[in-house]
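Inside the fold
Now for the letters of each chain:
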Amino acid sequence: MCAVPARRVRPRLRGVAEGRPRLQTRESFCHSTILLMGQRSGRQEWRKKPEMSPSENVKAEEEGDKEENKELKTKDQRLPVVFGVADLKNGAVGLYNIGQTCCLNSLLQVFLMNIHFTRILRRITVPPYASLKRKNVPYQMLLLLEKMQSGKQKAVSPTELARCLSIHRVDLFMQHDAAQLFLTLWNLVKRQIKDQDLVTKLSDLYTICVQEHLACQICSSEMKRNSNMLTLPVPVLDSSSRMLKTLEDCLQCFFHPEELTGHNMCFCEYCEKKTPFLQSMKLVHLPQTLTIQLKRFCFERSTDVHKLSHCLPFPQELDFNAVLTEQQSQAHDSEKAAWQYELFAVVAHSGSTNSGHYCAYIRSLTECKWYCFNDSIVRQVSWDDVKSTYGHSDLNWGQTAYLLIYMKKHPQ
């Protein structure tokens, strides 16, 4: 793992808000601060929710929207017919880059190629007024999906969705971190879906549940808390800053217990002083669509951040029962029986922390073929092409996997 920044945070056991990465207290996870590629580095504000939406005064806008609603009426009536089928029936369709939107384009392709997600998306309630439609992220994603599926173009423009996101203060004309933008998009979609049954389905589709443990090494008192998160942020270096060799090693490192001693000791209410603690994580639940973030961005002793591009293989099939020990899980046997996954998508980054480019490798769920979505250019690729995202320390501009998206082989 990378060297620890000069400023330390006193470790405490905290819950994690749904959809957010957990707060890292381990020395070995010191580089968990989200890096927005192409921006200045900085610590994420954990208490500030990423979902943001301006207030809406429906009555004041109703009159001005009537004419525009008439024009959209015909299109809205077609929505149930075309939405929810991401099967490449018209051929793979790309998305034009309208100004540093490669990160957004890659994530949109991952969302819209996931038929489990589009089944939820197609059931949303269409907003009643044109002004609300312009501000509604799920609705704009539906319109984009319809445009991709019903047209003859090889690529379409996500302009209207980009305008919608800008209303919610998502600046797209800048470099983004894919993990952070994924979190923002998901929260906006979840927040703007009014049907609570669909919100529950969306949460079940993506949400990971872990149980955090802190045990005092003096009096043996223990604190437990369940936390939900949207991505599993696994380190690519161990606690001694050695490069981990496989994805399975990264998962083991994430769930490996760690002693909190010295400056990292916690205050024990029973001992009434700071004492050594043992911190551990146990897996409780895995969703149908599992997103793993490879933490390839590392703080050095200075404030500089650099990218870790070493080779890290990941499997096409992943069985968590074979990766984790009995002590690293807190789940029933019926839950564990479904912990077998197949790789669905890879969001890859090329370049450095200051500049770069994103693309997505996605396996079609209907054709079982791999495609590379590189903005407006889409081409069929082989598994060997996907493996080229394993990384290589000598290739600064080579593609390196950053987000790995797995799907359950046999969803319950």
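Residues numbered from 1 in each chain as written. Predicted model: local features only at pLDDT ≥ 70, side-chain atom pairs only at ≥ 80, totals over all residues. Heavy atoms only, no water.

Some details on the overall build of the protein
A tally of helices and strands in the protein yields 13 helices and 18 strands. Here the protein holds 412 residues, and the buried ones make up 55% of them. A fraction of 73% describes how many contacts in the protein between residues 6 or more apart in sequence connect residues 24 or more apart. (Helix = DSSP H or I, 4+ residues; strand = E, 2+ residues; numbered from the N terminus. Buried < 20%, exposed > 50% of the residue type's maximum accessible area, 1.4 Å probe, protein only. Contact = heavy atoms within 4.5 Å.)

Topic: the pairing of strand E18 (residues 400–408)
The side chains of a regular strand alternate between both faces of the sheet. Most of E18 sits out of view: 9 of its 9 residues are buried. Bridge analysis of strand E10 (residues 289–295) against E18 gives 5 bridges, and the strand direction is antiparallel. Bridge assignment links threonine 291 to a residue of E18, and that residue is isoleucine 405. Pairing geometry for strand E14 (residues 340–351) and E18, over 8 bridges, is antiparallel. Counterpart to histidine 349 in the pairing with E18 is threonine 400. (Pairing = 2+ DSSP bridges.)

Here's the deal with the pattern of salt bridges
If you walk through the whole model with that rule in mind, you get 6 salt bridges. Salt-bridge contacts for glutamate 160 lead to arginine 163; the nearest nitrogen and oxygen are separated by 2.8 Å. Of this pair, glutamate 160 and arginine 163 both sit in helix H7 (residues 159–167), 3 residues apart, roughly one helical turn. Judged by its relative accessible area of 43%, glutamate 160 is partly exposed. Two residues, glutamate 317 and lysine 409, come together in a salt bridge whose shortest N-O distance is 3.4 Å. (Salt bridge = Lys/Arg side-chain N within 4 Å of Asp/Glu carboxyl O.)

A word on the sheet that holds strand E3 (residues 208–216)
Overall, antiparallel pairing links the 4 strands, which are arranged E4-E3-E9-E6 in an open sheet. Each edge of the open sheet is held by one strand with a lone partner, namely strand E4 (222–229) and strand E6 (258–260). Going from strand to strand, the sheet's axes swing by 30° on average, the running direction of each strand aside. Pairing analysis gives 8 bridges linking E3 to strand E9 (residues 277–285), with the strands arranged antiparallel. Residue alanine 215 lies in a different strand from E9, and its bridge partner there is leucine 278. Taken strand by strand, helix H10 (residues 247–255) contacts E3, E4 and E9, and its axis lies near 120° from that of E9. (Axes fitted to C-alpha atoms, helices over the stretch in contact; angles between N-to-C directions.)

Let's talk about the packing of helix H6 (residues 137–150) against helix H8 (residues 178–192)
Here H6 crosses H8 at 105°, and the two axes come no closer than 7 Å. Regarding the angle of H6 to H8, the classification is roughly perpendicular. Across the interface between the two elements, Val137, Pro138 and Met141 of H6 pack against Leu188, Val189 and Gln192 of H8. Of the residues belonging to the contact of H6 with H8, the class tally is 5 nonpolar, 1 polar and no charged. (Parallel < 35°, antiparallel > 145°, perpendicular 65-115°, else oblique. Nonpolar A, V, L, I, M, F, W, Y, C, P; charged D, E, K, R; others polar.)

Remarks on the nonpolar core
Within the largest apolar cluster, 61 residues are counted, with the highest numbers of intra-cluster contacts made by Phe117, Met141, Leu165 and Tyr206. Of all the elements, H8 adds the most residues to this core, at 9 residues. In this structure leucine 165 touches Leu104, Val137, Val170, Leu172, Leu185 and Leu188, once residues within four positions along its chain are discounted. The next biggest cluster of nonpolar side chains, apart from the first, holds 45 residues, and it includes Cys250, Trp339, Leu343 and Tyr361. (Core = buried A, V, L, I, M, F, W, Y, C linked by side-chain atoms within 4.5 Å.)

A short note on the packing of aromatic side chains
Under the counting rule described, the total for this entry stands at 11 aromatic pairs. Look at phenylalanine 117 and tyrosine 206: their rings are 6.4 Å apart centre to centre, the planes differ by 70°, and that puts the pair in the edge-to-face class. Placement of the pair is phenylalanine 117 in helix H4 (residues 115–121) and tyrosine 206 in helix H9 (residues 196–206), with a sequence separation of 89 residues. Of the two residues, phenylalanine 117 and tyrosine 206, neither departs from the other in class, the shared state being buried. (Phe/Tyr/Trp six-rings, centres within 6.5 Å; stacked < 30°, edge-to-face > 60°.)

What about H6?
Over its 14 residues, H6 runs 20 Å from end to end, which matches the ideal 20 Å to within 8%, given 1.5 Å per residue. Taken as a whole, H6 has its buried residues at Val137, Pro138, Tyr139, Gln140, Met141, Leu142, Leu143, Leu144, Leu145, Glu146, Met148 and Gln149. The N-capping residue of H6, defined by a side-chain oxygen 2.9 Å from the backbone nitrogen of tyrosine 139, is asparagine 136. (Expected span 1.5 Å × (residues − 1). Polar contact = N/O pair within 3.5 Å; in protein donor to acceptor, adjacent residues only side chain to side chain.)

It is worth stressing that arrangement in space is one thing and function is another; only the former is reported here.
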